[in-house]
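Chain by chain, the residues:
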Amino acid sequence: MEDHKEVAKHDSPDIDDKKTEERRETRQQNRLIMEDYREDINEKADAFIKNFRDQLKIQREDSLKRFH
């Protein structure tokens, strides 16, 4: 007896190419969204750090004024 394996047949190479291209475009769009999200987070973090440092500077100046 011979073993026969059934091979999955695709509808058409054109359809597979379209599906592959659609997946590629979706992945690219998702990457762009994540980049925007990361940039937004980085901007917020930078602003937070700057504000924190500015507050420390103000507190230090106030402290120096009080004790001198």
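Before reading on, note that the structure itself is shown above.
Now for a look at the structure at hand. Residues take numbers from 1 onward in each chain, read along the sequence in its written order. Under the rules for a predicted model, residues below a pLDDT of 70 receive no local features and side-chain atom pairs below 80 are neither given nor counted, while totals for whole chains, interfaces and linings still include all residues. The side-chain values count all of the structure's non-hydrogen atoms but skip hydrogen atoms and water molecules.

1. Describing the overall build of the protein chain
Tallying secondary structure elements over the protein chain gives one helix and zero strands in all. Each residue's exposure class comes from its accessible area (1.4 Å probe, protein chains only) as a fraction of the maximum for that residue type: buried when under 20%, exposed when over 50%, partly exposed otherwise. In the protein chain, buried positions account for 0% of the 68 residues. Of the roughly 7,300 Å² of accessible surface on the protein chain, 52% is carried by carbon and sulfur atoms. Comment: elements are numbered from the N terminus, with helices defined as DSSP H or I runs of at least four residues and strands as E runs of at least two. Each accessible area is a Shrake-Rupley result for a 1.4 Å probe, and residues are judged covered by the shown protein chains and nothing else.

2. Some points on a nonpolar patch on the surface
Where nonpolar side chains cluster on the molecular surface, the patch consists of Phe48, Ile49, Phe52 and Leu56 and spans about 410 Å² of accessible area. Among the secondary structure elements, Ile49 is positioned in helix α1 (residues 13–67). Nonpolar side chains (Val, Leu, Ile, Met, Phe, Trp, Tyr) within 5 Å and like charges within 9 Å form the patches, drawn only from residues with over 30% relative accessible area and no salt bridge. Whenever a carboxyl oxygen of Asp or Glu lies within 4 Å of a side-chain nitrogen of Lys or Arg, that contact is scored as a salt bridge.

3. Describing the pattern of salt bridges
Should the charged atoms of two oppositely charged side chains come close, the side chains can pair. Scanning the model with the defined rule gives three salt bridges in all. The closest approach of N and O atoms between Asp40 and Lys44, which form a salt bridge, is 3.6 Å. Of this pair, Asp40 and Lys44 are both found in helix α1, four residues apart, which corresponds to roughly one turn of the helix. For Asp40, a relative accessible area of 34% corresponds to the partly exposed category. Among the residues examined, Lys44 registers a relative accessible area of 57% and is labelled exposed.

4. Thoughts on a negative patch on the surface
Among the surface-exposed residues, Glu35, Asp36, Glu39, Glu43 and Asp46 lie close enough to one another that they form a single negatively charged patch. The topology assignment puts Asp46 in helix α1. Residue classification places Asp46 among the exposed residues on the basis of a relative accessible area of 52%. In this tally, Asp and Glu contribute negative charge and Lys and Arg positive charge; neither His nor the terminal groups of the chain are included. In this description, the location of a charge corresponds to atom NZ of lysine, CZ of arginine, CG of aspartate or CD of glutamate.

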